[in-house]
Amino acid sequence: MCAQPTPRPRERDGSSPLHRDASPARPLWRRPLALALAAAVVAVPTLALLGPVAAVLVGTRTAAACLASIEAPRGPALPDCRAEIRWFALPSRLRWTYRTASALAEELGVRAAVADYTDAAVGRPDPAALAGATEAVATAHAMVAAGTGRITFDELGPACGAPSLGREAARLGDRRTLLSQPDRWTDWHVRVHTLRAALTEGDLQRALAIAKGYAAMEPRDEDLRTTTGAILCLGASAEAKRGIELLTLNQDDRAARRYAGMARNWGEVRAVLVACAARAGVEPPPMPEAPEAGVADAVEVRLAQRARLAAARKDAAEAKQRATRAIRDLLGTSAALEPEARGDLLAVVLAEDEALDAAEAAALARPEDDGDEPAAGEAGLDGAPARAEPRAPTALPAGSLRALDWLPERGLARPVIAGSLRARAAARAAELAAAPELSPSQADALRAAAGALALRAARELALEGDAPRAVDALDRLGPLAPELAPEAARALARSSVWALVGERDRALDLVERVDLSAAPPALRAAVLLQRAEHLASRGRRRDAARAAVLADEEAAAARAAVPAGEAPPARAELALLDARSRWTRLALALPPGDSPLRQGSPPAQLPADHGAAWPWVGFASLDAPWARDGQPALSRALATWSAARDAPPPARRALRYAALRGRGDAPPALIPYAALSAQLLGDGEGDPEVWLDAFLAIDASRFSLRRYAFARAEAARWRGDEGSAAAWQRRYDALRAVASDPASAEIARYLGI
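Model, not experiment: these values are computed from the prediction.

K.L.:
Would you explain the pattern of salt bridges in this entry?
P.N.:
Where charged atoms from two side chains of opposite charge approach closely, those side chains can pair. Evaluated as defined, the whole model comprises 58 salt bridges. Taking the shortest distance from any N to any O, the salt bridge between arginine 447 and aspartate 444 comes out at 2.6 Å. Of this pair, arginine 447 and aspartate 444 both sit in helix 20 (residues 440–463), three residues apart, roughly one helical turn. Judged by its relative accessible area of 32%, arginine 447 is partly exposed. Arginine 736 is the partner of aspartate 733 in a salt bridge, and the nearest nitrogen-oxygen pair spans 3.2 Å. Linking aspartate 733 with arginine 736, this pair stays in helix 32 (residues 722–739), spanning three residues, or about one helical turn.

See the structure below:
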């Protein structure tokens, strides 16, 4: 048996008990270091990949928060949000974050440029800053065109369009920028805004020069083509002929084509075309035969124009006779004509038709079947035709005696009749009313027509700037008008005449001296309202506030006393007077002396979210709920305005931004609304004119240019800015000169002058 070998421990391998304790110890830090190095090997690439992504996320949040702070309550300094671009600098250089970071950096630059421009009009309005901010917007536009080419941006805030200097200038009412480079704009609506800006400035020559440039570019959009053509019609013969070409294209296109199943009527375009041809001394192109789309509407406008042009040609007696015969046929067969349209056409017949006898005139003034036939489109509850309410076709409500109600509406909706022709028609109606063969009712109809025609003649003559003849028309035939029976009504009408021609001291004197003790509440409210306006324009603020409070109280009493069965036109007129008095009171009455809000109004307080402070009232439509009894929208809006005016400067700045987003709801009381809007700027907070240009840029398109210029001039006087008032008065006078020329009357009305 062999002995098993005994293994000997190997030296220094650590297995021998002799050497196990003698081996060197392993360092304690070696294992954590190895783990750290392993983690670093994994973390560095991860951080390299995810770090830029995290920077983009952080930058998105901080940039969005900075941009949102621009419209939040803040100080006068605009937050510098461009600094947040640092978060996108490195990520925009890496392949995996390049697209996202570059797009966000581009959007930040766009929004910052537009914010600078908007802040110069809203945050701290300043004309120099506004002009200086335009290039940044133009640069942003070029940056987007060379970059992503996007048309919308929605990552860093509410969705907005790609930057466009023209669109931004139109949005903010920046007329100087629009007019400085009109050929630069490519959008048709920006070009329309540019032409309208030139007209707003009262600069017809500049408007003609811009229109000639646009006409050379062969405009394809209908609205741009008609606006351009109509402005050219105000120029010399060669320019008018080019305008005829553009307008003829629109007339024929509307008559022949439908777009998406819709068609546009072309009666107004035809009226402008005929007026343009008369100015150029050429025959107008023929009307479309058998139109397949739009129709030739605006019949009353074109009939009155036809009679005027025939009367202007001394050798065209037969043409004038045919024109007046057509008007007589329309008046005799259409009982559904609007009262003012009937009065306009009646004025043409009375002034131009020498063969008209007293009985025929009385029948035209008040047709025997008026009230027996329903208006077009009306029906009873059971499907049978509804009976139209009887009405006096030539009567005017008492509220129409105020100067602001005499300013023209926008558009060519009604015939354009000169004041001198209306005065002749009023005199003829008064003469025929004395004919012995008339019955008492026929004589009363003609006398009422004579009074209403005299009142309208005074209105048109005042708008033309002829105050002596306007006052003469009131004095000679005023006693025949029921509206002018009270002494206060006569004083109010004369005051309106002098106010429209710029004689404000005479206008104020008439409404200050009149005795209101015997006047009904509605008439007292109208007189006191006009008194408050004139006092404010003369700088007598305390007296104006007292008159405004009294006018509001009388208007409230008048509306409360309306019987339930009152005709809708009378109720609408009182609702309009009531709203006007409340806006005027709010604009002029300041605590602690006078309360700016009527008793029982909601408390003047603002919500926590300033962006939702402004309630929508719906003033663009007179049939909206604001005009009905028991509707709270108007009261809430007035309370909001009262609280906003008294808010601290940071809150007012945020409220101006919120108001800019909610534009388009200006009330018909444009003067107190503009004056109140200017009060959202405190002393030293900016230029009210720049702010009003921006705030009223959308609402201005709802009013005629003359009404807008008159309101801006009066609002400037209310706040004591004589320089701005003089500038707007010059614009108003220039617009009045264009509109008062009979040869361009229809063209001017079509252009909104």
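K.L.:
I would appreciate a short explanation of the state of the cysteines in the present structure.
P.N.:
Note on terminology: a disulfide is the covalent bond linking the sulfur atoms of two cysteines. All told, the structure shown has two disulfides when counted by the stated rule. A sulfur-sulfur distance of 2.1 Å marks the disulfide that ties cysteine 66 to cysteine 81. Measuring handedness by torsion sign, the sulfur bridge of cysteine 66 and cysteine 81 sits at about -95° and is left-handed. Of this pair, cysteine 66 sits in helix 2 (residues 30–70) while cysteine 81 sits in the loop between helix 2 and helix 3 (86–89); the two residues are 15 residues apart in sequence, bridging distant segments of the chain. We note that cysteine 66, like cysteine 81, is buried. Between the sulfur atoms of cysteine 233 and its disulfide partner cysteine 276 the distance amounts to 2.0 Å. Residues cysteine 233 and cysteine 276 share a disulfide whose torsion about the S-S bond is about -90°; that sign makes it left-handed. Of this pair, cysteine 233 sits in the loop between helix 11 (222–232) and helix 12 (237–256) while cysteine 276 sits in helix 13 (residues 267–280); the two residues are 43 residues apart in sequence, bridging distant segments of the chain. For cysteine 233, a relative accessible area of 0% corresponds to the buried category.

K.L.:
Help me understand the environment of serine 237 in this model?
P.N.:
Relative to the assigned elements, serine 237 resides in helix 12. A relative accessible area of 32% places serine 237 in the partly exposed class. A C-alpha to C-alpha distance of 9.3 Å links serine 237 and valine 282, two positions 45 residues apart in sequence. At 3.5 Å, the side chain of serine 237 forms a polar contact with the backbone oxygen of alanine 280.

K.L.:
Can you help me understand the nonpolar core in this one?
P.N.:
A general tendency of soluble globular proteins is for nonpolar side chains to be buried together. Counting residues in each nonpolar core, the largest one holds 174 residues, and the members touching the most others are Leu500, Trp583, Trp614, Trp641 and Ile753. Once residues lying within four places of it in the same chain are set aside, the contact partners of leucine 500 are Ala403, Trp406, Leu407, Ala462, Leu463, Phe710, Tyr732 and Arg736. Listed in part, the 37 residues of the second largest apolar core include Leu337, Ile417, Ala425 and Ala435.

About the thresholds
- Residues numbered from 1 in each chain as written.
- Predicted model: local features only at pLDDT ≥ 70, side-chain atom pairs only at ≥ 80, totals over all residues.
- Heavy atoms only, no water.
- Salt bridge = Lys/Arg side-chain N within 4 Å of Asp/Glu carboxyl O.
- Helix = DSSP H or I, 4+ residues; strand = E, 2+ residues; numbered from the N terminus.
- Buried < 20%, exposed > 50% of the residue type's maximum accessible area, 1.4 Å probe, protein only.
- Disulfide = S-S within 2.5 Å.
- Polar contact = N/O pair within 3.5 Å; in protein donor to acceptor, adjacent residues only side chain to side chain.
- Core = buried A, V, L, I, M, F, W, Y, C linked by side-chain atoms within 4.5 Å.
- Contact = heavy atoms within 4.5 Å.

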